[in-house]
Amino acid sequence: MSSTTPQPPADDVPRPPEVVRRLALLWDPPRPSGRGRRARLTLEDVVGAGTAIADTDGLDALSMRKVAARLGVGAMSLYTYVPGRTELLDLMIDRAFAELELPPADAPWRDGLAAYARAHWELFQRHPWILQTNMWRLPLTPAVLDAQECGLRTLVDTGLPERQVVEIVGLVDAFVRGLARSTVAEAAEKDASGQSNDEYWTSMSSFWADWFDPGRYPTMLRIWEAGGFDAEATPFDASMERLLDSVQMAIDRARDAR
């Protein structure tokens, strides 16, 4: 979970113009007037071009100038559609999160939470640039909030206290993002070096013969000899099962305490 804590409606909350503009573009985007000559571009064209650049070259490559060049227009013409890079990134994140295949509301909690996690995992593989943003400040977009609603919904009726529901969904989010970052980094390293992960560790195998000290690392040796480092499933699947087992124990404790 990000720190997008809902607040009760109020008439005296601050409404800086840049925030109002930013939120309005997400929740009430301008519609084509239908008058005059048809616009050459649409807002969706601009968001799609920005997403394509970030998918290929990363978030650092995203600029209004590069988006304009990709669309074959002048940079100034983009400001007709989106005020700047910040707002464009908001829209790109919303567009990406709208791709999530979220579980139905009536899914059992374990299936639902696993599907919620996997959907995010797959999203980050398709759009790794999302992981370059501040995930604690995800924009308040419709699709982002839809995803957060789904995550909370999977656990809210399990008997867990509401605060614990938020904590556990946040733990799942952190697990998925952390593993996704490692996977993305490994893919980039493979592309740069031409070596797969297995090939890299094979090339380092002399370390275990020449430098590894069993007396200094007895626990590591014991686990290795017992096959503890032999993966039986993908890192995501194996770790997710252990995480779900922990959630089940938390649910059982909460029900027993009632």
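All figures in this text were calculated on a predicted structure; none of them were measured in a lab.

This next bit is on the packing of aromatic side chains. Across all of its chains, the model carries seven aromatic pairs by this definition. Ring centres of Phe207 and Phe212 lie 6.5 Å apart, and the angle between their planes is 65°; this geometry places the pair in the edge-to-face category. By the ring-pair criterion, three or more aromatic residues cluster together here, those being Phe207, Trp208, Phe212 and Tyr217.

Moving on to the side chain of His127. With respect to the secondary-structure elements, His127 resides in the loop between helix H6 (109-126) and helix H7 (142-153). Under the relative-accessibility criterion, His127 is labelled buried at 5%. Apart from the residues within four sequence positions on either side, His127 is in contact with Thr51, Asp55, Ala96 and Glu99.

By secondary structure assignment, the location of Asp90 is in helix H5 (residues 85-97). Owing to a relative accessible area of 4%, Asp90 belongs among the buried residues under this scheme. Leaving out residues up to four positions away in the same chain, Asp90 has contacts with Arg22, Leu26, Pro139 and Thr141.

We now examine the pattern of salt bridges. Tallying each qualifying case throughout the model produces eight salt bridges. Between Asp237 and Arg118 there is a salt bridge; the shortest N-O distance is 2.3 Å. One end of the pair, Asp237, is in helix H12 (residues 235-256); the other, Arg118, is in helix H6, and 119 residues separate them in sequence. Between Asp245 and Arg242 there is a salt bridge, with its nearest N and O atoms 3.3 Å apart. Note that Asp245 and Arg242 are positioned in helix H12 at a spacing of three residues, about one turn of the helix.

The rules behind these values
- Residues numbered from 1 in each chain as written.
- Predicted model: local features only at pLDDT ≥ 70, side-chain atom pairs only at ≥ 80, totals over all residues.
- Heavy atoms only, no water.
- Phe/Tyr/Trp six-rings, centres within 6.5 Å; stacked < 30°, edge-to-face > 60°.
- Helix = DSSP H or I, 4+ residues; strand = E, 2+ residues; numbered from the N terminus.
- Buried < 20%, exposed > 50% of the residue type's maximum accessible area, 1.4 Å probe, protein only.
- Contact = heavy atoms within 4.5 Å.
- Salt bridge = Lys/Arg side-chain N within 4 Å of Asp/Glu carboxyl O.

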